[in-house]
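Residues per chain are reported as follows:
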Amino acid sequence: MSEAPPTKELRRDAKRNRERIVATARELFAGDGIEASVEDITRQAGVGMGTLYRHFATKEELIDAVLEDAFDELIALAEEAIADDDAWRGFTTFLEQTLERHVANRGLKDVVASAEHGRERAHAMRERLRPLVRQMIERAQAQGALRRDFTAEDVPVLFWAGGGVIAATATVAPDAWRRQLRFCLDGLQPAAATPLTVPPLTRDQLDRSAGRGRA
């Protein structure tokens, strides 16, 4: 009877398998979105389904692990925006750089748009991001660069609109979203503002629209 591999070797194998699963999932989520199947992930990673579930009990746990770095990057972008002396430049740069990451990583776009996936990490990211976005907006408004009736609840709607343009033009004009974003940004400046007849979405309406609340 052959001896069992040393515990240390088993741990190394387990670590390599986990890294392989996460790397493969990151690649597939970025290209195909969160709907990429665990079957495709295990097949491309060269591991069995049992190996995947030993490391990640659910697909949500795997999504959380894959998107952790991407979420941290969004937080860093928001902090850089707040540190910019020119609040309008910081705010608009944040919007543009976030959409750039949506283009490069469909998985990130899926999770930012809805909490149906990446539950734990997405929730933690939103809780960290919301006050930073609010601070960005307040700074830009205090400097007179952003119309006073724009709210933090309007930001996700901008991302939904940008995501729709990105999805529709990805194969024919991949930079078309930049033109549409510029139109939106021009409309956010006080000089272009006209009275609004519809209030911003409430948090509950925003959550329900994003699929996070009850129907």
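Here, the structure is the one placed above.
Note that this is a predicted model, so its numbers are computed, not measured.

Trainee: Describe in detail the environment of Y53, supporting the description with residues and values.
Mentor: Mapped onto the secondary structure, Y53 falls in helix α3 (residues 49-55). Under the relative-accessibility criterion, Y53 is labelled partly exposed at 39%. Between the C-alpha atoms of Y53 and V38, which are 15 residues apart in sequence, the distance is 9.8 Å.

Trainee: Please give an account of the layout of surface pockets that cites residues and values.
Mentor: If a probe the size of a water molecule is rolled over the atoms, the empty space left behind becomes visible. Of the pockets and cavities examined, the largest pocket occupies roughly 280 Å³. In terms of lining, the largest pocket is formed by 13 residues, of which the most central are R147, F150, D154, L188 and L196. Per-element tally for the lining of the largest pocket: the top contributor is helix α8 (residues 154-169), with 4 residues. By volume, the second largest pocket amounts to about 160 Å³. Lining the second largest pocket are 10 residues; nearest its centre among them are V103, R106, I166, A167 and A170. Among the elements that line the lining of the second largest pocket, the one with the most residues is α8, at 3 residues. Of the residues belonging to the lining of the second largest pocket, the class tally is 6 nonpolar, 2 polar and 2 charged.

Trainee: Tell me what's going on with the nonpolar core, and back it up with residues and numbers.
Mentor: With 49 residues, the main nonpolar core has L62, F91 and F94 as its most contacted residues. Residues contacting F91, with those up to four places away along its chain left out, are A81, M136, I137, L146, F150, V155 and L188.

Trainee: How would you explain the packing of aromatic side chains if you had to name every residue and give the values?
Mentor: Any pair of aromatic rings gets described here by the distance separating the centres and the angle formed by the planes. A full pass over the atoms with the stated rule returns 3 aromatic pairs. With a centroid separation of 6.3 Å and 50° between ring planes, the pair formed by W88 and F91 is classed as tilted. A residue pair is termed a helical-turn pair when its members lie 3 or 4 positions apart in one helix, as W88 and F91 do in helix α5 (residues 87-104) at 3 residues. Classification of F91 by relative accessible area gives buried; the value is 1%. Through a chain of ring-to-ring contacts, the aromatic side chains of W88, F91 and F150 assemble into a single cluster.

The rules behind the values
- Residues numbered from 1 in each chain as written.
- Predicted model: local features only at pLDDT ≥ 70, side-chain atom pairs only at ≥ 80, totals over all residues.
- Heavy atoms only, no water.
- Helix = DSSP H or I, 4+ residues; strand = E, 2+ residues; numbered from the N terminus.
- Buried < 20%, exposed > 50% of the residue type's maximum accessible area, 1.4 Å probe, protein only.
- 1 Å grid on protein atoms, 1.4 Å probe; cavity = no way out; pocket = protein on both sides within 12 Å on 5 of 7 lines; lining within 4 Å.
- Points joined across faces, edges and corners; volume = space filled by probe spheres on them.
- Nonpolar A, V, L, I, M, F, W, Y, C, P; charged D, E, K, R; others polar.
- Core = buried A, V, L, I, M, F, W, Y, C linked by side-chain atoms within 4.5 Å.
- Contact = heavy atoms within 4.5 Å.
- Phe/Tyr/Trp six-rings, centres within 6.5 Å; stacked < 30°, edge-to-face > 60°.

Scope: geometric values only; no functional claims are made or implied.
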